[in-house]
Amino acid sequence: MTVEHVSHWLQPAFNDPVLDAQVSFRAALKALAEPGLVQGMDRALALDGLQPATYALCLAFLDADTPLWLAPRFDTAAIRANLAFHCGCPIVAEREMALFALLDEPELSDLSAFDNGSERYPDQSCTLLIQLEALDGGSLLRWRGPGIRDVRAVNLPLAAAFWQQRSARSAFPRGLDAFFAAGQQVIGLPRSTRVLFNLEEAA
Amino acid sequence: MNGLNPNAASQAAGALESGYNFAYLDEQTKRMIRRGLLKAVAVPGYQVPFGGREMPLPYGWGTGGMQLSAAILGADDVLKVIDQGADDTTNAVSIRRFFARTAGVATTTRTPEATVIQTRHRIPETPLHGEQILVFQVPIPEPLRFIEPSETETRTMHALGDYGVMHVKLYEDIATFGHIATSYAYPVTVDERYVMDPSPIPKFDNPKLHMSPALMLFGAGREKRLYAVPPFTEVVSLDFADHPFAVQRWEENCAFCGSHDSYLDELIVDDAGSKRFVCSDTDYCMQRREPFEPQQEVGQ
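Please read all numbers here as calculations on a predicted model, not as lab measurements.

Attention now moves to the state of the cysteines. Should the sulfur atoms of two cysteines be covalently bonded, the bond is a disulfide. Residue and element names in this part refer to chain A. Following the criterion strictly, the structure yields 0 disulfides over all chains and no others. Of all cysteine sulfurs, the one in cysteine 89 lies closest to cysteine 87, which takes part in no disulfide; the gap is 5.1 Å. Residue classification places cysteine 89 among the buried positions, given a relative accessible area of 7%.

What follows is the structure, given as structure tokens:
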């Protein structure tokens, strides 16, 4: 692919790279600090298959230090060209190498290869950026844990397979942290959140 | 005790500097710190290593807290900085002015009006709310460091949740003094997992960490560690069943506002050693006095 071809795909990113990145980060921080609460994320435009919130998360988090794994749906020339230009993040083919992963719903049935950190360095785990069609409409689950005063009811449209995968990769402090993005909204799900499926698990 | 209001002279001199990025740090550094903060929030109480930068003031003056503040501050934020509870001490005035100059953010001394509060060694008496972030300046982030000097060992101890020595240290207090003599930087357990140093806040402030509605971030510049306590997180001070955790209490009231509930500083007021007690939290004290002394504000 020649330089002319690549530049042909380029689109504007944040209007104000400094302040828009800050606003997007603060929304993401709040999303992760208060799991299950919807936060607005409207500082970026949609890019090819990426919705505004998903693209804003990429622009706020990614740079040359963050290897990114792309789900096949997002592995397009336009997304590669824009992430390379605006973020400069290496795009890796092996999931094990990724610090961030850009996923869509069909990918959630297998999270086995993503790095969930180590007991000594639980922070060196992969962060999942998951784009959904909507942030509600699924079955109602109750979330507990840090950031939630008592219990929070969240109905993300996720298949049971995701929750099985998540708990399979969880051994606190090891685990996977996720952001769910749809349109101009985000919900955070840190590894510290306990998800209750029925009354027996309330303990 | 003048100068409790915003330091008018320094704020006036806080015109926005040109030639610096917004809030001093470059964007790549901010992104690195921000990614660290996300992991710190996801693993409450765990110390995330980060690439601490040199700041234009010495270690020990709040470089860790400042880097965190620089990474989170936005154009709409209102910044409050306190040093041992006071808005008018050198450290607080300097840091407040630094961000007024490099980020152009609004500053305040009023706790309820602030969205970001950087603090050295106190948590404000006024209850915090959910739209606020508290940033602590931390000298030694590792609560086990005085017991185990090796970083490799303490990291293993955290990995295994092996915190027995921490209780031994508190027990030695009881054996020597008859009670737990640790009165500041009192170790806590966060969300039933990590033992954390809450920074050198008096143990009086430890209960304010528990189920706080505000996000709490901790930054250690020299040690290059950051950690966090998300809102509504269980934070329990270590203790024993027969020696339960208790905070300091005073017989006296604040000499200015009469408060009996706040953390009091002891002042020696004459050569005979006479003592007065005043609130350590200057904004709290001022707010309690204002209804009675309206002229105080004009007098500045």
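More follows now that the structure is in view.
Moving on, we come to unusual backbone geometry. In this model, phenylalanine 172 of chain A is joined to proline 173 of chain A through a cis peptide bond whose omega is 10 degrees. Tracing the chain through its elements places proline 173 of chain A in the loop between helix 5 (160-168) and strand 8 (177-182).

On the surface, a nonpolar cluster with roughly 280 Å² of combined accessible area is contributed by Phe146, Ile147 and Val165 of chain B. Among the secondary structure elements, valine 165 of chain B is positioned in helix 6 (residues 164-177).

What follows covers the domain arrangement of chain B. All names here are of chain B. Under the domain assignment used here, chain B contains domain 1 (6-143 + 185-232) and domain 2 (249-300). Of note, the centres of domain 1 and domain 2, computed from C-alpha atoms alone, are 26 Å apart. Taken together, the contacts link 16 residues of domain 1 with 11 residues of domain 2. Carbon and sulfur atoms make up 48% of the area that domain 1 and domain 2 hide from each other, which totals about 980 Å². When the area that domain 1 buries against domain 2 is broken down by residue, the three leading residues are Arg110, Glu125 and Phe204, summing to 47%. Counting across the domain 1 and domain 2 interface gives 1 salt bridge. The interface formed by domain 1 and domain 2 includes 8 residue pairs in polar contact (both at pLDDT 80 or more). For the side of domain 1 that touches domain 2, the residue count by class is 5 nonpolar, 5 polar and 6 charged.

Conventions used here
Residues numbered from 1 in each chain as written. Chains lettered and ligands numbered in written order. Predicted model: local features only at pLDDT ≥ 70, side-chain atom pairs only at ≥ 80, totals over all residues. Heavy atoms only, no water. Disulfide = S-S within 2.5 Å. Buried < 20%, exposed > 50% of the residue type's maximum accessible area, 1.4 Å probe, protein only. Helix = DSSP H or I, 4+ residues; strand = E, 2+ residues; numbered from the N terminus. Patch = residues over 30% accessible without salt bridge, like charges linked within 9 Å, V, L, I, M, F, W, Y side chains within 5 Å. Areas by Shrake-Rupley, 256 points an atom, 1.4 Å probe, with all protein chains shown as cover. Salt bridge = Lys/Arg side-chain N within 4 Å of Asp/Glu carboxyl O. Domains from an automatic or database assignment. Contact = heavy atoms within 4.5 Å. Buried area = accessible area lost by both parts, 1.4 Å probe. Polar contact = N/O pair within 3.5 Å; in protein donor to acceptor, adjacent residues only side chain to side chain. Nonpolar A, V, L, I, M, F, W, Y, C, P; charged D, E, K, R; others polar.

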